[in-house]
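Here is what each chain is made of, one letter per residue.
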Amino acid sequence: MPTNFIAGPVRVRVPATSANLGPGFDALGLALGLYDDVAAEVAPEGVRVTVSGQGAGELPDDDQHLVVRSMRAAFARLGAEPAGLVVECVNRIPQARGLGSSSAAIVAGVLLARALVTDGERRLGDADVLRLAAELEGHPDNVAPCLLGGFTVAWTGPTGARAVSRPVAEGVRPTAFVPTERGLTAAARAALPATVPHSDAALTVGRAALLVHALTADPALLLPATVDRLHQDYRAPGMPGTAALVSALRAADVAAVVSGAGPTVLALTEPPAGLDPGTDWQVWRLPVDVSGARVARGRLGHAERDPVAAGRKS
């Protein structure tokens, strides 16, 4: 085995995320206590991927898997290409639901590649990891909370993506309403107009600023702080069930938004007792993840291999 790779496997736990949070389009994100566990090690040849849990039997089991493609991109930045890879994924973040499954795979891949190179952290620092993950994803709003944990504000400057993480105030209690149907980010973005009225843009900017204060200091302001005029209404015809549930929750004074590109609905305050969204929805009460992605040496243990949604309270 080449001397620039460590012997044995490394593993990473990556959280689910919710982006936009209403008015914070492509900028704001929140890490949630629902996790994928991924392990990888260098092999003499070939690529082998096993997937259990969400996406099992659907996701690629070769070098087309997003984790592997992200590892390859990171290895290229590190100037170290392994002969082969063995990857094990235990997925709990649902695919194509607006909870950051692709960002979790990208972050996992980049961090695993860095950890497998003996001096990887020196050659690819944390800021470089964020920039590369955002390049691979196309925007930083999900990869930032996945990496950093908590509530994040992300932006892209001349040198690439940057982000800051802030602790979330007591009283923010996320609940995800996860539908059986799937959504596609590309289709959701295609529904957005090229321009919006200036008044809508001005209102949304003000509410995004208020949302930073509400999430970090005063959750009582979350309902007005989550008003959006940039994207949710334009996407509503493509996911009418999501739009109807958001409207119903907000009418009950719950700060509800579309999670990412949908179709999951995220409530940031407690939904009313006895609320029944119907059989097409699962209701998951999720804590805020405060740590972000976590890397360690060794294989996945029994607890990590359990496909039940770690961290989720039903």
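Per chain, residues are indexed from 1 in the order of the written sequence. Only residues with pLDDT of 70 or above have their local features reported here, since the model is predicted, and side-chain atom pairs are shown and tallied only from 80 upward, although totals for entire chains, interfaces and linings are computed over all residues. For the side-chain quantities, the full set of heavy atoms in the structure was used; hydrogens and water were omitted.

Draft legend 1. View of the overall build of the chain. Secondary structure elements follow DSSP: runs of H or I of four or more residues count as helices, runs of E of two or more count as strands, with numbering from the N terminus. In terms of helices and strands, the chain carries 11 helices and 11 strands. For the chain, the spread of C-alpha atoms along the principal axes amounts to about 60 × 45 × 35 Å. In the chain, 75% of the contacts between residues at least 6 apart in sequence involve partners at least 24 apart. The method behind every accessible area is Shrake-Rupley, applied with a 1.4 Å probe, and residues are considered shielded solely by the protein chains displayed. Carbon together with sulfur atoms contributes 53% to the accessible area of the chain, which is approximately 13,300 Å² in total. Within the chain, the 31 negative side-chain charges are centred at a point lying 4 Å from the centre of the 28 positive side-chain charges. Throughout, a contact is declared for two residues whenever any of their heavy atoms are within 4.5 Å. None of His or the chain ends enter the tally, which takes Lys and Arg as positive and Asp and Glu as negative. Taken as the charge centre is NZ of Lys, CZ of Arg, CG of Asp or CD of Glu, depending on the residue.

Draft legend 2. Local environment of the state of the cysteines. The disulfide criterion used throughout: a pair of cysteine sulfur atoms within 2.5 Å. Under the criterion given, the structure shown has zero disulfides. We note that Cys89 lacks a disulfide partner, and the nearest cysteine sulfur, in Cys146, lies 13 Å from it. Classification of residues uses two cut-offs on accessible area relative to the type maximum, computed with a 1.4 Å probe and protein chains only: under 20% is buried, over 50% is exposed, and between them is partly exposed. Residue Cys146 is classed as buried on the basis of its relative accessible area, which comes to 1%.

Draft legend 3. Summary view of the packing of aromatic side chains. By convention, a stacked pair of Phe, Tyr or Trp rings (six-membered ring in the case of Trp) has centres within 6.5 Å and planes under 30 degrees apart, an edge-to-face pair has planes over 60 apart, and any other such pair is tilted. Under the definition given, this model contains one aromatic pair. For the pair Phe5 and Phe75, a centre-to-centre distance of 5.9 Å together with 85° between the ring planes defines the contact as edge-to-face. Of this pair, Phe5 sits in the segment before β1 (10-20) while Phe75 sits in helix α1 (residues 66-78); the two residues are 70 residues apart in sequence, bridging distant segments of the chain.

Draft legend 4. Representation of the sheet that holds strand β9 (residues 265-267). Note: two strands are recorded as paired if DSSP finds a minimum of 2 bridges between them. Spatially, four strands are ordered β8-β9-β7-β10 in an open sheet, and the strand pairing comes out antiparallel. Looking along the sheet, the strands with just one partner apiece sit at the ends: β8 (256-258) and β10 (281-285). Taken pair by pair, the neighbouring strands of this sheet meet at an average axis angle of 20°, ignoring direction. Pairing between strand β7 (residues 175-179) and β9: three bridges, direction antiparallel. From the neighbouring strand, Thr175 faces β9, where its bridge partner is Ala267. For helices, the fitted line uses only the C-alpha atoms of the stretch in contact; every axis is such a line through C-alpha atoms, and the angle between N-to-C directions lies from 0 to 180 degrees. Sitting on the sheet, helix α10 (residues 240-251) is in contact with β7, β8, β9 and β10, with an inclination near 160° to β8.

Draft legend 5. Structural view of unusual backbone geometry. Cis rather than trans, the peptide bond between Gly262 and Pro263 has omega equal to 5°. Counting through the fold element by element, Pro263 comes out in the loop between β8 and β9. With a phi angle near 60°, Asp26 is a residue other than glycine that sits in the positive phi range. By the secondary structure assignment, Asp26 is in strand β2 (residues 24-43). Located in the positive-phi region is Ala96, a residue other than glycine, with phi close to 55°. On the secondary structure map, Ala96 appears in the loop between β4 (84-91) and α2 (101-116).

Draft legend 6. Quick peek at the environment of Val68. The topology assignment puts Val68 in helix α1. By relative accessible area, Val68 is classed as buried at 0%. As for Val68 and Arg48, which are separated by 20 residues in sequence, their C-alpha atoms are 9.5 Å apart. In this view, Val68 contacts Val47, Val49, Asp62, Asp63, Leu85 and Val87; residues no more than four positions away in its chain are not counted.

Draft legend 7. Structural detail: helix α4 (residues 126-137). Expected span of a helix, by definition, is 1.5 Å for each gap between consecutive residues, and there is one gap fewer than residues. Taking 1.5 Å of rise per residue, the 12 residues of α4 would be expected to cover 16 Å, and the 16 Å separating its terminal C-alpha atoms lies within 8% of that figure. Of all the residues in α4, the buried ones are Val129, Leu130, Leu132, Ala133, Ala134 and Glu137. Lining the buried residues of α4 we find α1, α2, α5 (143-148) and β6 (160-166). One or two steps after α4, the chain reaches Gly138, where phi turns positive at roughly 105°.

Draft legend 8. Layout of the pattern of salt bridges. Salt bridge, as used here, is a side-chain nitrogen of Lys or Arg placed within 4 Å of a carboxyl oxygen of Asp or Glu. Within this structure, the stated rule accounts for 13 salt bridges. Between Arg189 and Asp26 there is a salt bridge; the shortest N-O distance is 2.7 Å. Taken together, the residues span a long stretch of sequence, with Arg189 in helix α6 (residues 185-190) and Asp26 in strand β2 at a distance of 163 residues. A salt bridge links Asp119 to Arg122; the nearest nitrogen and oxygen atoms lie 2.7 Å apart.

Draft legend 9. Representation of the side chain of Thr226 within the structure. Considering the arrangement of structural elements, one finds Thr226 in the loop between α8 (222-225) and α9 (232-235). For Thr226, a relative accessible area of 1% gives the class buried. When sequence neighbours within four positions are dropped, the list of residues in contact with Thr226 reads Leu21, Gly22, Pro23, Leu211, Arg250, Ala255, Val257 and Leu268.

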